[in-house]
Amino acid sequence: MSRADALVAWYRAHRRDLPWRRDPRPWPVWVSEVMLQQTRVESVLPYFARFLERFPTPAALAAAPLDDVLAAWAGLGYYRRARHLHQAAQQVVERHGGEVPDDPEAFAALAGVGRYTCGAVQSIAFGRRLPVLDGNVERVLCRLYRVEDDPRGPAPRRRLWDAASALADHPHPGEVNQALMELGATVCTPRSPRCLLCPLQADCAARAAGVAEDLPRKAKRKARPTITVVAGLARDPDGAVWVARRPDDGLLAGLWELPGLEAPDADARHLAGVGLVGGGEATVVEHGFTHRVWAVHVYRARGTPTTAHHTAVRAVPEAELPTLALTGPALKALRACGVKLPHRRGAGRKRLS
Ligand code: SF4
């Protein structure tokens, strides 16, 4: 039995019952793959059902205003995924009559569709022999083939994509790919892989060498600079919280946050730049991005914020805050100030390019 056959047999016997697996039409599969990037399955489940009810087809999503789409995504985080999906749905309507294209080249030309998403959707929904490589698959393949170099380097990366391609060259490529993802999520886990339950155990080079748990080996990232941000927690006379919408381009584009700005130091007087008068410090939260870390100093504040650094400001009752597309730092800051908001993120599937 080939490795791919063993994976498919194992997957058929052990796969988790998930809604997008019950309904492997292209649109639900695509939505699920986008939602699952960087987000845990358990967090995605309620969003997936609601999103598809609201936007059952690409045309329905394409016709919706972006703000509605972001609001439906609110709580899932990584909003760029929602923007891209919205834009891609519009392209599907314009270019393909509203049907998700059964053509890898045409599909890969849509907004936000990288090699991972293309492979996942085209293999699962259309049976195309294309590979996937996300964080889970990377781990399985690094161990199976004992890849000792940092898998983010160009040569190991090519090797892993080639290995994934060889496995996906199978009559059931969608099941092979899902088996690899499922194996990484449930058996070949970062710590204490359960090799005795693994369909690849007899073939696994890392297991044979006793180094499974040491792989993949990743070099530490360079330290990121810390940027100081000063923000104000201000309320209108009814107690609603003032929030401000970020510019449509750049970091956290179009999302809502506490009125604030990057500043040379944590002095509350910088809040004058957004029209507020700062009082005592309420909290400090840190939020990491790929290339920088924000240290957000939140002050109790008075006044009505201006749009000097934002495209809009609104006073929103606390109960309505969860429906707003808030930035991650804003969510952390509001929670730290005692505002009840749902937790949303987890170390879910990581898309790799
Ligand atoms: S044998 Fe162990 S280390 Fe190797 S792929 Fe299976 S679970 Fe992972």
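Residues numbered from 1 in each chain as written. Predicted model: local features only at pLDDT ≥ 70, side-chain atom pairs only at ≥ 80, totals over all residues. Heavy atoms only, no water.

### A look at the sheet that holds strand β2 (residues 241-245)
For the record, the criterion: In short, DSSP must find at least two bridges between two strands for them to pair. Helical segments are the DSSP runs of H or I of at least four residues, strand segments are the runs of E of at least two, and each set is numbered from the N terminus.
One open sheet holds the three strands; their spatial order is β3-β2-β7, and the pairing between them is antiparallel. Each end of this open sheet is capped by a strand with a single partner; those strands are β3 (256-257) and β7 (312-316). Across two bridges, the pairing between β2 and β3 is antiparallel. What sits directly across from A244, in β3, is E257.

### Description of the domain arrangement of the protein chain
Operational definition: The split into domains, and so the bounds of each, comes from an automatic or database assignment of domains. Any two residues having at least one pair of non-hydrogen atoms within 4.5 Å are treated as being in contact. As a working definition, buried area equals the accessible area (1.4 Å probe) given up by two parts on being put together, with both sides summed. Here a salt bridge means any side-chain nitrogen of Lys or Arg lying within 4 Å of a carboxyl oxygen belonging to Asp or Glu. N or O atoms within 3.5 Å of each other form a polar contact, as long as, within protein, one can give a hydrogen and the other can take it, and as long as residues adjacent in sequence are counted only when both atoms are side-chain atoms. Put simply, Ala, Val, Leu, Ile, Met, Phe, Trp, Tyr, Cys and Pro go in the nonpolar bin, Asp, Glu, Lys and Arg in the charged bin, and everything else, Gly too, in the polar bin.
When its domains are assigned, the protein chain resolves into domain 1 (3-214) and domain 2 (226-336). One C-alpha centre belongs to domain 1, the other to domain 2; they are set 34 Å apart. Taken together, the contacts link six residues of domain 1 with nine residues of domain 2. Of the roughly 520 Å² buried between domain 1 and domain 2 on both sides combined, carbon and sulfur atoms contribute 51%. Three residues stand out in domain 1 for area buried against domain 2, namely A74, Y79 and R83, and they jointly supply 66% of the buried area on that side. The interface formed by domain 1 and domain 2 contains one salt bridge. The shortest N-O distance in the salt bridge between R245 and D67 comes to 3.9 Å. Our count for the contact surface shared by domain 1 and domain 2 stands at one residue pair in polar contact (both at pLDDT 80 or more). With three residues, the top contributor of residues to the side of domain 1 that touches domain 2 is helix α6 (residues 66-73). Class assignment of the residues belonging to the side of domain 1 that touches domain 2 gives a composition of four nonpolar, no polar and two charged.

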